[in-house]
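# Close look at the chain arrangement
The residues making up each chain are set out below.
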Amino acid sequence: MPKIIVLPNEDLCPDGAVLEAEAGESVLNVALKNDIDIEHACEKVCACTTCHVIIREGFDSLDESDELEDDMLDKAWGLEPESRLGCQAIVADEDLVVEIPKYTVNMVSENH
């Protein structure tokens, strides 16, 4: 069973975490069911960037991002070559090391 190693994030996961995952689950869903509350303003439909994560290890085991995800990622804060949307990054058979960026761009909450 693959693992997702979440690097420490000051707000969401101060000590980091090692999470059990099943192939076919999204990085976001695994985090959420383990009480790591990554923001997901669009309810996991690839319509925002709030669940942006950086895959530090295991990136090549993920399916390639599609054009819609790439377009969304272009708007993400702190974009890196290994950036993915957590709702679209589907666990395969390798362990992943994931960094949750310190900031996120939430167009919904920032317009209030």
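Residues numbered from 1 in each chain as written. Predicted model: local features only at pLDDT ≥ 70, side-chain atom pairs only at ≥ 80, totals over all residues. Heavy atoms only, no water.

So, on to the overall build of the protein chain. Helix and strand counts for the protein chain come out as three helices and five strands. Shown N-terminal to C-terminal, the secondary structure of the protein chain runs as helices and strands in the order β-β-α-β-α-β-β-α. Here the C-alpha atoms of the protein chain give a radius of gyration of 13 Å, agreeing with the 13 Å that 2.2 N^0.38 yields for 112 residues. For the protein chain, the spread of C-alpha atoms along the three principal axes comes to 40 × 30 × 20 Å. A buried classification covers 42% of the 112 residues belonging to the protein chain. On the protein chain, roughly 6,300 Å² of surface is accessible, and the fraction owed to carbon and sulfur atoms is 47%. Once the 7 positive and 27 negative side-chain charges of the protein chain are each reduced to a mean point, those two points are 3 Å apart. (Helix = DSSP H or I, 4+ residues; strand = E, 2+ residues; numbered from the N terminus. Rg over C-alpha atoms; globule rule 2.2 N^0.38 Å. Buried < 20%, exposed > 50% of the residue type's maximum accessible area, 1.4 Å probe, protein only. Areas by Shrake-Rupley, 256 points an atom, 1.4 Å probe, with all protein chains shown as cover. Lys, Arg positive; Asp, Glu negative; His and termini not counted. Charge placed at Lys NZ, Arg CZ, Asp CG, Glu CD.)

Glancing now at empty space enclosed by the protein. Per the counting criterion, the structure on display carries one cavity of 30 Å³ or more. Its boundaries defined by the atoms lining it, the largest cavity holds a volume of some 40 Å³. What lines the largest cavity is Ile4, Val6, Val27, Ala31, Ile38, Val53, Val98 and Ile100. Classifying every residue of the lining of the largest cavity gives eight nonpolar, no polar and no charged. (1 Å grid on protein atoms, 1.4 Å probe; cavity = no way out; pocket = protein on both sides within 12 Å on 5 of 7 lines; lining within 4 Å. Points joined across faces, edges and corners; volume = space filled by probe spheres on them. Nonpolar A, V, L, I, M, F, W, Y, C, P; charged D, E, K, R; others polar.)

It is worth spelling out a negative patch on the surface at this point. A surface patch of negative charge is lined by Asp63, Glu64, Asp66, Glu67, Asp70, Asp71 and Asp74. Within the fold, aspartate 74 resides in the loop between helix H2 (67-73) and strand S4 (83-85). (Patch = residues over 30% accessible without salt bridge, like charges linked within 9 Å, V, L, I, M, F, W, Y side chains within 5 Å. Salt bridge = Lys/Arg side-chain N within 4 Å of Asp/Glu carboxyl O.)

Following the sequence through the fold, threonine 49 ends up in the loop between helix H1 (27-33) and strand S3 (52-57). For threonine 49, a relative accessible area of 6% puts it in the buried group. Not counting residues up to four positions away in its chain, the partners in contact with threonine 49 are Met72, Leu73, Lys75, Ala76, Leu85, Thr104 and Val105. (Contact = heavy atoms within 4.5 Å.)

Moving on: the pattern of salt bridges. What the rule picks out here adds up to six salt bridges. The salt bridge partner of glutamate 20 is lysine 3, with a shortest N-O separation of 3.0 Å. Of this pair, glutamate 20 sits in strand S2 (residues 17-20) while lysine 3 sits in strand S1 (residues 3-6), and the two are 17 residues apart along the sequence. Judged by relative accessible area, which is 28%, lysine 3 ranks as partly exposed.

Let us now look at the nonpolar core. Ranked by size, the top nonpolar core spans 25 residues in total, and within it Ile4, Val27, Ile36, Ile38 and Leu96 carry the most contacts. In this structure valine 27 touches Ile4, Val53, Gly86, Ala89, Val91, Leu96 and Val98, once residues within four positions along its chain are discounted. (Core = buried A, V, L, I, M, F, W, Y, C linked by side-chain atoms within 4.5 Å.)

This paragraph deals with the sheet that holds S2. The five strands are arranged S2-S1-S5-S3-S4 in an open sheet whose pairing can be described as mixed. Of all the strands in the sheet, just S2 and S4 have a single pairing partner and so form its edges. For this sheet, the mean angle separating the axes of adjacent strands, direction not counted, is 35°. The pairing of S1 with S2 spans four bridges and is antiparallel. When the sheet's bridge partners are listed, valine 6 is paired in S2 with alanine 17. (Pairing = 2+ DSSP bridges. Axes fitted to C-alpha atoms, helices over the stretch in contact; angles between N-to-C directions.)

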